[in-house]
Amino acid sequence: LPRSAPPLLLLPPPHSSLSDTPLPAHTSSPTTFPMLPALQRSTGRQARTQARRAMSTLRKTPLYDMHMELGASTAEFGGWDMPIKYPLGIMKEHLHCRAQAGIFDVSHMVPVRVTGKDRAAFMEKVTVADVKNMPEGLGSLSLITNEEGGVIDDCIVTNAGDHIYMVINAGHEDKDLPHIEKYMADFNGDVALEKVGCGLLALQGPAAAKVLAKHAGDEVTKMGFMTGKKVDVAGVPCFVTRSGYTGEDGYELGIPIDDTEKLARLLLNEPEVEIIGLGARDSLRLEAGLCLYGNDIDDTTSPSEANLLWTIPKSRRADGDFVGSQRILGEIADKKLVKRKRVGFVGAGPPPRSGDSLYTPEGEEVGKVTSGVYGPSLKKPVGMAYVKKKYMKAGTVLQAEVRGKRRDITITKMPFVEPGYYRG
């Protein structure tokens, strides 16, 4: 898996009772971990000792001990020791989420709170979101852009009433926060930034509403997509949004840290629910056509190239007062400036992986794969790539070089599966 977690369509503001302290440095007995690349030359006891020491420096979520109890295989992910899969296996985890419901530990994400009477104006400087016109309690996917018009991160920006709540990707504190603070220092207004500590759970799948309603009441079944509100779940005050990053109906729960495991175990006791790791999360989001930062978008990628112009409302295109607007608006006005486009593809045989080259049947290199997996729902390889614009049309046949052999792929519209988001 790549270094950075997928962006979550997650949490608007946590309940006021949630802790504002950093997540605890959770501890547990030593476990057997996958060997780090730097240690592959070592053997035997020395390698195992070095691997344990290296992994012990990673941050752990409040559910770490539960993951170990459930037999999780873990690996480094955005600076955290995260579960990649469980004994059920990635394939079955994926299919179970599509058919019923799964819970994901997403407590490695980074929630922040922006306060001050000029917070909306400031957030419209560092993101492309229309914060000033955003209704209270509603969130949207947005982009933090750099001076060159590239994407520093994708995030969720939510109008929380008395503050703005934003969730950024795991491992991005040292990248996103200094960038935001740089512009905050030059901002002529009242604004402040602080990190928020809470547990984060995602409950995803067609049975998610039925499961959550057992513990939170029928009101959660009536919530619209990307809406959120304070809800008591089994007596625990949470902030619940109807959102997620799997392509399925579902919810994200912001939970007081000390109650996170209690609610996770409660949900796991429901017959429809299985626990799901980041391996299946990756294949689920890819089938849904959703980007993974660090693979499908990065500092050099513009919103036009990534087909993410839908994140920039007309009001923001009109005012143009956000970082990187010169390139971004220039590419909107003159499409000839964009030389490559993000596309989806399907294939056969071994799935192409990130970094694999794409060629025309005549042998011209025309693109690179950014994400690729075997799609359990489609029973064939699916992926994303950037290709020269002339090859972006659905139905175009290209060749991916996989394990030294060129195999046909077909450019395909995304998402690869029909979205299951609740629309009322």
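Bear in mind that the values here come from a model prediction, so they are computed numbers and not experimental data.

Novice: Explain the packing of aromatic side chains here, please?
Specialist: The description of an aromatic ring pair rests on the distance of the ring centres and on the angle between the ring planes. This structure, assessed with the given rule, holds 2 aromatic pairs. Taking the centre distance of 5.3 Å and the plane angle of 70 degrees together, the rings of Phe122 and Phe187 count as edge-to-face. Separated by 65 residues along the polypeptide, Phe122 in helix 4 (residues 119–126) and Phe187 in the loop between helix 5 (173–186) and strand 8 (192–195) bring together distant segments of the chain. With a centroid separation of 4.7 Å and an interplanar angle of 25 degrees, the aromatic rings of Phe225 and Tyr421 are classed as stacked.

Novice: Honestly, the sheet that holds strand 8 in this entry has me stumped. Any pointers?
Specialist: Hydrogen bonding along the main chain pairs the strands of a sheet, whether they run parallel or antiparallel. Taken in spatial order, the 5 strands make up an open sheet running 5-6-7-4-8, and their pairing is antiparallel. Here the strands that pair on one side only, and so sit at the sheet edges, are strand 5 (139–145) and strand 8. Across this sheet, the average inter-strand angle for adjacent strands is 30 degrees, counted without regard to direction. Both strand 6 (residues 151–159) and strand 7 (residues 164–168) contribute to a ladder of 4 bridges, which runs antiparallel. Each residue of the ladder has a partner; that of Thr158, found in strand 7, is Tyr165. Each of strand 4 (110–115), strand 5, strand 6 and strand 7 touches helix 4; the most contacted strand, strand 7, lies at about 25 degrees to it.

Novice: Sorry if this is basic, but what is going on with the side chain of Glu287 here?
Specialist: Its place among the elements puts Glu287 in helix 8 (residues 278–287). Taking the relative accessible area as the measure of exposure, Glu287 reaches 0% and is therefore buried. Apart from residues no more than four positions distant in its own chain, Glu287 is found in contact with His94, Arg98, Gly375, Pro376, Ser377, Leu378, Val382, Pro415, Phe416 and Val417.

Novice: Any chance you could explain the confidence of the model for the protein chain here in plain terms?
Specialist: A low pLDDT means the predicted coordinates there should not be read in detail. Counting all residues, the mean pLDDT for the protein chain is 88, and 87% of those residues have values of 70 or more. Across residues 1–43, where pLDDT falls below 50, the model places 139 contacts with residues more than four positions away in sequence or in other chains.

Novice: What's the story with helix 10 (residues 325–333) in this structure? I'm lost.
Specialist: For an α-helix, 3.6 residues make a turn, and residues three or four places apart therefore share a direction. All of the buried residues along helix 10 are Ser325, Ile328, Glu331 and Ile332. End-on view of helix 10: buried residues confined to an arc of 145 degrees, all on one side of the axis. In helix 10, the exposed positions angled more than 90 degrees off the buried face are occupied by Gln326 and Ala333. Residues of helix 10 that are buried in the fold lie against strand 5 and helix 9 (314–319).

Novice: So what exactly am I meant to see when it comes to the layout of surface pockets here?
Specialist: Where empty space is left in the structure can be found by rolling a water-sized probe over the atoms. When its volume is computed, the largest pocket comes out at roughly 810 Å³. Along the wall of the largest pocket there are 40 residues; nearest its centre are Gly289, Leu290, Asn307, Leu308 and Trp310. Of all elements in the fold, only strand 5, strand 14 (340–347) and strand 19 (405–412) reach the threshold of two or more residues within the lining of the largest pocket. At 5 residues, strand 5 tops the list of elements feeding residues into the lining of the largest pocket.

Novice: For this particular structure, what's the right way to read the sheet that holds strand 15 (residues 357–359)?
Specialist: If you trace the 6 strands once around the closed barrel, you get 14-17-16-15-18-19, paired in antiparallel fashion. The sheet shows a mean angle of 45 degrees between the axes of neighbouring strands, taken without regard to direction. Where strand 14 lies against strand 19, 4 bridges are found, and the strand directions are antiparallel. Bridge pairing in strand 19 places Gly347 opposite Ile409. Contacts from helix 8 reach strand 16 (365–375) and strand 17 (380–388) within the one sheet, and its direction differs from that of strand 16 by about 120 degrees.

Calculation rules
- Counting of residues starts from 1 at the beginning of each chain's written sequence and follows it residue by residue.
- Residue-level local features of this predicted model are given only where pLDDT is at least 70; pairs of side-chain atoms are given and counted only at 80 or more, and the full residue set underlies all totals for whole chains, interfaces and linings.
- Side-chain measures were taken over the full set of non-hydrogen atoms in the model, leaving aside hydrogen atoms and water.
- Only rings of Phe, Tyr and Trp enter the pairing, Trp through its six-membered ring, and a pair is recorded when the two centres are within 6.5 Å. The plane angle decides the type: under 30 degrees is stacked, over 60 is edge-to-face, the rest tilted.
- Under the scheme used here, helices are H or I runs from DSSP no shorter than 4 residues and strands are E runs no shorter than 2 residues, and both carry numbers assigned from the N terminus.
- Should DSSP find at least two bridges between two strands, the strands are taken to pair.
- Structural elements are reduced to axes, namely lines fitted to C-alpha atoms, with helices fitted over the stretch in contact, and the angle between N-to-C directions of any two is expressed from 0 to 180 degrees.
- Every residue pair with non-hydrogen atoms within 4.5 Å of one another is taken to be in contact.
- Only protein chains enter the accessibility calculation, which uses a 1.4 Å probe; a residue whose area is less than 20% of its type maximum is buried, one above 50% is exposed, and one in between is partly exposed.
- pLDDT expresses, on a scale from 0 to 100, how confident the predictor is about each individual residue.
- As used here, the arc belongs to the directions running from the helix axis to the C-beta atoms.
- In this analysis, the protein atoms alone were mapped onto a 1 Å grid. Cavities are point sets where a 1.4 Å probe fits without being able to get out; pockets are open sets with protein on both sides within 12 Å along at least five of seven lines; lining residues have an atom within 4 Å of a point.
- Grid points are joined across faces, edges and corners, and a volume is the space filled by probe spheres set on the points.

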